[in-house]
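# Descriptive analysis of the structure
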Amino acid sequence: MPSLAAASSSRTPALIALLAGLGAGGLVLWAAGDWRIAAGFAASALIGLGLIMAARSFAPKPVAAEPTTDWSLARALADVATEAVAVTDHGGRLVCANEAYQALFPELPTPPNLPLGESLVATLADAGRAAWRDGLGTAKLALPEGEAQLRVARIGGGDELLIWRLALRERQDLAQQAEALITGPAGARLGSAGLMVALLSPEGRVRAANQVLGLRALGDGSSLIGRDFAQCLATDNEGLLRFAREGAGGTPLRLIQLPFLEGDRAPLLIALLDEEAPIAATGGTAAIQALITLLPFGIALVDREGRFVEMNAAFRRAAMVDAAAPPLYPGDLVVREDKAALADSVRRFANGASHATDIAVRLRARPDDAVSLTIAGARGLGEAAVLIALKDNGEEGRLKQEVAQATKMQAVGQLAGGVAHDFNNILTAIIGHCDLMLMRHAPGDSDYDDIQQIRANSNRAASLTRQLLAFSRQQTLRPQVLQLPDVISEVSALLKRLLGETVRLEVTHGRALGAVRADPGQLEQVVMNLAVNARDAILTKPPRGGGVLRIETFAVSAQEVRKMGAEFMAPGDYTALAISDNGAGIPAEVLPKIFEPFFTTKEVGKGTGLGLSTVYGIVKQSGGYIFADSTQGEGARFTIYLPVHRAEAAAKAAKRPPAAKPTELWGSGMIVLVEDEDMVRAVAERALTRQGYKVLTAEHGEAALDLLGRIDKPDLLVSDVVMPTMDGPTLVRAARERYPDLPILFMSGYAEEQLRKSIDLANVAFLPKPFSVQQLAEAVRGALAPR
């Protein structure tokens, strides 16, 4: 809004022009004596001055400088957070960090290269890559300050930034709460009841103490903070504990350690009581109850008979105690199998055991999750004889389960990928030998049908390895830009035969569906697997009116994705595929496990447990997301979200026509074949020799380099990727130093998408295992075609 001075200055030229015009008219009237001439002269003067002012108003104005990005507001907001926050750009540079991050890392290193050791840096790097790929990456870190949870999210309008959030776990929060309780009014009330409380570091130095403890220990009111607490105490010949300042004439003390945090580096919470004074008379029982009530962690006291004396609200919440029917004994809280072990531990400490112990039990209210109870003796606390601490680790337990599940899935995926790789080598040899035998046997021969049966079974085994690779997200995809309704129409006829007469198929397609980029064959497998599961669920409990399998496709906008609130789902436009049924549904306790490998609810021999895990692997490798919802007795619904393929990328893909398969497979020239598996090398050599090529073989990369040094330039190098001694990419780099334009054909049982990261070589072809003699001949001919 312009200021008053600016408004006045803008009106000044107009006022001057008006006065000048009137003055000129008056002067002419005085000189000529004719008012008409004077009026015309004044009007002309006003018009002229108006034109001059209009010209000035159209004069060019200075252009304001473009605003630059100001990170001061973001830094101020980040400093409000208690967790460490850092922002990096796509180039890996540190853009912004808050004070909590600088307190942890004073040198301000750029994630993931934090001074935490190689293993944790690798974990950070994996989380960063997951964030770039999926929108969110998480990891659990063990720092010197305690356990921490890392969350990495992709942010920014163009998805060009990563925000790294490092939150120290419950240890620091509980310790800070304990400090606040001890040094605040609660600590003063405990002191007035004769209870001296302190929080000690793992080294035994005082982190916090209430005022009465400081007065008794030092006598002059000075601070105990930072002092070695053991130096303030002394023990006499009889083993009685006193303050060192008071000497042998001082009042004996009883020291109680209250376990509230796990770990060797956890702080210690202690309480001191005067041994001589009866606890009931000094109000010590009330002080103990007040302390237990105020503590933010679960504490309960048990008497010598094993009955509960006191438990605080945190303990009731963590143990899920029913207020209407409180438990009488600790064993009432746990499942039947753990009652005896817990009762024995309580009895042992009630009889005088001194050292605290931890015991893992399962609560009746949460039988699937084990919790840890810390049990210690509590002599000198009136009726109480045993102290039980239970940490509310519901969130921590959930995170542990997620980490354990992710680790298990990763380990099983790596195992499945390795098994599939070795199995693919075996199948390559079997299929190759079958093809060679079929060349010598015509239809009608006695052995022809047997060979065909072996080959068919080998292809079935190859499909099983593809399932394993799909689960481990390592299968070779051949993505295309396609529309989901086209895929559904292709598979609908087969689905109707598969579902039979008892299940009706209903297909509905939405409008304005965006194209997706995926492997059509793999998508058909996804639909088939989900349809088979739906059919089995319908037949298990046939609904009234017959079973119905519904397949729907619909568009999902970026705004709808944000409303869903799924943090790990990258914002953007999606095309969704929903498959639902009205069958028996999935029980709530089974639903979280359905995507696990080899998990099945079918009878033995009727399910492998790989169907849904294969679906999950295909969807994730295609860049999509899958969600399962079910109400038992009403059916289940699986919804798959695939990102919409950008139009410009689709246009570029359309410009590249697919390479045509060569029609003539016979050839000539010299081929160097490198393969560490003897059976695969023998089959490939025989197959290529029959096609007219001269084939020289080597069992690994070093032997191949030695061979290349003794012969003329070959026409083609065919090599396995993963080999002992020297792998395929290393061999090719060395060979191309001698022959820069040497054609290369890689073959491997691993997925091409996975190996492309390690190959990183231009102008190379790829042949996935297992392959037939025909496929090998086509691949070799195609690699030699540009020659």
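Residues numbered from 1 in each chain as written. Predicted model: local features only at pLDDT ≥ 70, side-chain atom pairs only at ≥ 80, totals over all residues. Heavy atoms only, no water.

We now examine the sheet that holds strand β24 (residues 670–674). On the basis of which strands lie adjacent, the open sheet formed by five strands has the order β25-β24-β26-β27-β28 and parallel pairing. Here the strands that pair on one side only, and so sit at the sheet edges, are β25 (694–698) and β28 (764–768). Between one strand and the next, the sheet's axes are offset by a mean angle of 20°, whatever the strand orientation. Two elements, strand β26 (residues 716–720) and strand β27 (residues 744–748), share four bridges in a ladder whose sense is parallel. Bridge assignment links Ser 719 to a residue of β27, and that residue is Phe 746. Against the sheet, helix α19 (residues 678–690) touches β24 and β25, its axis set at about 165° to β25. (Pairing = 2+ DSSP bridges. Helix = DSSP H or I, 4+ residues; strand = E, 2+ residues; numbered from the N terminus. Axes fitted to C-alpha atoms, helices over the stretch in contact; angles between N-to-C directions. Contact = heavy atoms within 4.5 Å.)

To continue, consider the pairing of strand β12 (residues 298–303). For β12, a buried count of six out of six residues is recorded, marking the element as mostly surrounded by other parts of the structure. With burial as the criterion, each face of β12 is covered, one bearing Gly 298, Ala 300 and Val 302 and the other bearing Ile 299, Leu 301 and Asp 303. Across six bridges, the pairing between β12 and strand β16 (residues 384–390) is antiparallel. Residue pairing in the sheet places Ile 299 in a bridge with Ala 389 of β16. Pairing analysis gives three bridges linking β12 to strand β13 (residues 308–311), with the strands arranged antiparallel. Paired with Ala 300 across the two strands is Met 311, which belongs to β13. Hairpin remark: β12 followed by β13, antiparallel, with four residues in the connecting loop; positive phi at Gly 306, about 85°. (Buried < 20%, exposed > 50% of the residue type's maximum accessible area, 1.4 Å probe, protein only.)

Turning our eyes to something else, we now look at the confidence of the model for the chain. Across the chain, the average pLDDT comes to 76, with 73% of residues at 70 or higher. For residues 54–69, every residue scores under 50 in pLDDT, and the model assigns this stretch zero contacts once sequence neighbours within four places are set aside. Scored below 50 in pLDDT, residues 648–658 makes two contacts in the model with residues more than four places away or belonging to other chains. (pLDDT = per-residue confidence, 0-100.)

Our focus in this paragraph is a nonpolar patch on the surface. On the surface, Phe 423, Ile 426, Ile 430, Ile 454 and Met 679 cluster together to form a nonpolar patch covering roughly 370 Å² of accessible area. Counting residues per element, the nonpolar patch draws most heavily on helix α12 (residues 394–438), at three residues. With respect to the secondary-structure elements, Phe 423 resides in helix α12. (Patch = residues over 30% accessible without salt bridge, like charges linked within 9 Å, V, L, I, M, F, W, Y side chains within 5 Å. Areas by Shrake-Rupley, 256 points an atom, 1.4 Å probe, with all protein chains shown as cover. Salt bridge = Lys/Arg side-chain N within 4 Å of Asp/Glu carboxyl O.)

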